[in-house]
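Breakdown of the fold
Residues per chain, in single letters:
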Amino acid sequence: MSIENNINNNQISTKKKELTIAIKVTNLTKDYEIGDFIVRAVDNISLEILEGEFVVIKGPSGAGKTTLLNLLGALDKPTEGEVFSYGVKISDMDHESLAIFRLMNSGFIFQSYYLISTLTAEENVMFPINLIGEKLEDQRRIAVELLKKVNLPDRREHFPFQLSSGEQQRVAIARALANDPPLILADEPTANLDKETSSFIRNLFKELKQNKKTIIIATHDDFLIELADKIISFEDGKIINETLIK
Amino acid sequence: MSLDFAIKDFYRKKKQTYPYLFTIALMIALATFLIHFSISFNLNSFTDKTGDYLNSYFFSGVINIIYSQFNMIILIMIIIFIIVILSLIFSSFINSKKKDISIMKALGTLPQMLYSFYLVESLILFIIGYILGYIFGMIFYLIVVVSIDFLNISTFLFFDVIFTPVLFFVCLICVYIISGLKLKKIGKKNIIKTFSEDIKQDYESIYRLKRIPRWISSFGLNLKYAISNILRKKNRLYHYFITFSIISLLIFTLSLSSIVLNNTSKTWINHSQNENIIVIGHKDVVGNYSLMYEMYSNPNVLVDTNDINFTDENYLFNWSQINDIENIPEIEKIDQRLISFCDIKEKSITILIPPSEENPVGGYQTIGKDREGNFPIIGINSSNIIQNFEIEGSFFDESDANVNLTISDGLAYNYFDAPLIQKMNFPNLGEQFGIKGVVIDSFYSGHTAYIDIDKFRDMLNVSDNQINLLLLKTNSSCYNDIKEELDLILANNLGSNFISKDLNNVFNENLNFIDKLGIYNLIIIIFVFIVFVFSLFDLQKGDLTEKLKDLTIMRAIGSKIKNIRRILFIEGIIALIPSILTSFAGGMILTSLFLTDRIYLPSINIPLILIGFIFILFIILNYIVIIPLTKNIKKLSFRVATLF
């Protein structure tokens, strides 16, 4: 792997102009108020992510990686600054528009999987497809295909609590891909998983990269970092380093 | 999709859903039972429905009114309680879905879609709970009505088609509003914040802990944990507080009012009958007179003008014929009476209404409906009456005996709108009297009037000094000792058809009837207690389910099951103390507001003992319900804990 460290901002900007910008963030700040105490999770950052780019955000725990992902994925609103996703300013959108935006444009993979507890694996995958109004047979067909893809064809009828952590994470990935979104966000997708499952998930991300999906992952996993086009080092809510990888 | 999802969620989360369902069913069962039972017991002021009794005057006097009014307050309190509990249940039900709601929102579900998913599920939960509750309530009602029939308590079976449907729609609207508002609140909330558990994401533990004195730790870690838990999870504290306050308020108010109303009613009836009374007269008159007292407690007894003509000359006698009775030393007082059925009519009056703010012109108002009836009228000598009636107004006396009379409570409340300013006509006798007082009376179910005996003789054309009844008050229950002597005097002077009869038995039956009214409250108290035990169990179970992971971790670290039980127990007690104090204050205010102007207040020790007893009982129950719940923690592994 050849890495070009410390590429200056001008070089990066020139390259971006040639490709479509998937995510653009300007002066983004996110504060959490706990009484008189204010935690600045994201501190005045600006960044651009190109379409089809595989971006890894790494940094120590508590650096603000999850908060940044939440802001990029339209799960949270910034205290200050702007977030553009595929040219749409999502930081000012109302709840309903954000819901539609998330449904159509992004697939979020959470560290804690967050599967709907009362739905089976298949129903969990069908859920976002159902929301966009696909026919029941199409919903089922897509869900079955995706579950096959994540190697869980036999666990369709099982509930989240009947699945192992790795299986739950795979269902969560299948669900994130259900509406074929252009943007995939993943928060520590291989954390706490065994070697075999982690490897399987890495391969899935590799395949997604080949399919030109824009992928933003917060991770410490060296194997996922190997897939990155860009690595953002994040610490105390600030980007301390942005590295392009050839 | 909403219905499909709601049914799946409802069924698949049955472990969490069933306790909610059970509590809803229990609440509705309580309301269904109470609505029907209050009507069956003739204690529902909202309906005129009464049993199809031979004695249509049965239990329709002032005691019925006071009991009915108070029980309506209890019924309204229970309905409010049910609505509050339903609100808490559905608020907590929606809260339990917070994580799934957050996931759905994160996936891009529109807020409207979220509302329909969980609103439909809430409504399904309520409707099933209502149906089950209605069935349970009706079964319990039928069992109770049939059972108390064996205790010789008169009730009638009744199937309500008005109040229960109204209750259904009121509750349905409440569920719709509460669930809708809660969903809207969660729907509008930031997704990341909704992912946080019961303690708010921005909870300021350092600042808040300043309010918990540090020295509490010196009383043990369990107490500190319990206080911290309960203060940090405020929603749960409110839930506990509201539930316990209302339940203990209900139990306390019901118990106190039961004691107070029972004592007061018995005193009133005792005053209206007096004790150790012997009646003397013709056997037909005595028999019917005794039955007319029995009518108070027996709805299947009725004496009317077709049964006896009291003024038949065979029934009349002269006191001077048997005045030897005066020589019996046990006899304290002698009361000569003349009884007869008479047609009476309410006299309507028109009064002038002075101008007021609401009605600046003033005007006239007609009071009365010219109601008519045929009731026993008793001629008495007002200065010699052996009873000590509870009276509103005053008894007529010699000065106004020709123009006034006194009527009983049942007649006053059912045949007059404002008895003390109205007049009573005797249309067939051409007389009209003012009503000077209303007495609480058990005779003829309170449907009688007392008039001056001389005036009554004139009205009925009965010869001077003739009477058809003589009441004797003895100094003790000595009827058997003097019976022979009395019978001898009667046989020698009036003939064998004239007899004496001790009225103590029938009087005691009337007092027992008052005691039986207490069964109504007792059954409600038992039902509310059952609701309390299950609510407590549900609350503790819900609490335990939420804390299971923490508790399993505590167990893994080495905490004894005893410590966990203590924490849960102390948490329950912390919520119980303010609830008990609130209910004590509320119960005293309610009782004094609605009853003090009419009743004899008991000593302050009684409510204190009562609330102390309820508190101890609640503490014991709080401990008892924890034992079976915590038993499972012993067996739990981390794997199981994570499933919750």
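Source: prediction; values computed, not measured. (Residues numbered from 1 in each chain as written. Chains lettered and ligands numbered in written order. Predicted model: local features only at pLDDT ≥ 70, side-chain atom pairs only at ≥ 80, totals over all residues.)

Residues and elements named next belong to chain B. In the contact formed by helix α2 (residues 14-40) and helix α5 (residues 111-150), the axes pass within 6 Å of each other and the chain directions differ by 45°. Our classification of the angle between α2 and α5 gives oblique. In terms of crossing hand, the pair formed by α2 and α5 is right-handed. Residues of the contact of α2 with α5, tallied by class, amount to 23 nonpolar, 7 polar and no charged. (Axes fitted to C-alpha atoms, helices over the stretch in contact; angles between N-to-C directions. Helix = DSSP H or I, 4+ residues; strand = E, 2+ residues; numbered from the N terminus. Parallel < 35°, antiparallel > 145°, perpendicular 65-115°, else oblique. Left-handed = near helix turned anticlockwise from the far one by under 90°. Nonpolar A, V, L, I, M, F, W, Y, C, P; charged D, E, K, R; others polar.)

The next subject is the interface of chain A and chain B. As a measure of interface size, the accessible area lost when the parts come together is often cited. Facing 24 residues of chain A, the contacting portion of chain B comprises 24 residues. Take the side of chain A that touches chain B: its biggest share by element is 6 residues, from helix α3 (residues 95-105) of chain A. For the side of chain A that touches chain B, the class distribution of residues is 14 nonpolar, 6 polar and 4 charged. (Contact = placed C-beta atoms within 7 Å.)

In summary, the side chains of a regular strand alternate between the two faces of the sheet. All names here are of chain A. Here strand β2 (residues 21-34) runs beside strand β5 (residues 80-85); their pairing, made up of 5 bridges, is antiparallel. Bridging from a neighbouring strand, Ile-23 pairs with Ser-85 of β5. Alignment of β5 against strand β6 (residues 88-89), held across 2 bridges, turns out to be antiparallel. Bridging across to β6, Ser-85 finds its partner in Val-88. Counting the residues that bridge the hairpin from β5 to β6 gives 2 residues, and of these Tyr-86 lies at a positive phi of roughly 50°. (Pairing = 2+ DSSP bridges.)

Looking now at the nonpolar core. All names here are of chain B. Among the nonpolar cores identified, the biggest contains 237 residues, and Ile-24, Met-27, Leu-30, Ala-31 and Ile-78 are the most heavily contacted of them. Of the residues forming this core, the biggest block, 18 residues, is contributed by helix α3 (residues 62-96). Leu-30 has contacts with Ile-78, Gly-137, Phe-527 and Val-531, leaving out every residue within four places of it along the chain. (Core = buried A, V, L, I, M, F, W, Y, C linked by C-beta atoms within 7 Å. Buried ≥ 20, exposed ≤ 12 C-beta atoms within 10 Å, placed from the backbone.)

Residues and elements named next belong to chain B. The domains assigned to chain B are domain 1 (1-197), domain 2 (198-273 + 515-644) and domain 3 (277-475). Between domain 1 and domain 2, the contact holds 29 residues from the first and 31 residues from the second. Broken down by element, the residue count for the side of domain 1 that touches domain 2 peaks at 13 residues, all from α3. Of the residues in the side of domain 1 that touches domain 2, the class split is 24 nonpolar, 3 polar and 2 charged. (Domains from an automatic or database assignment.)

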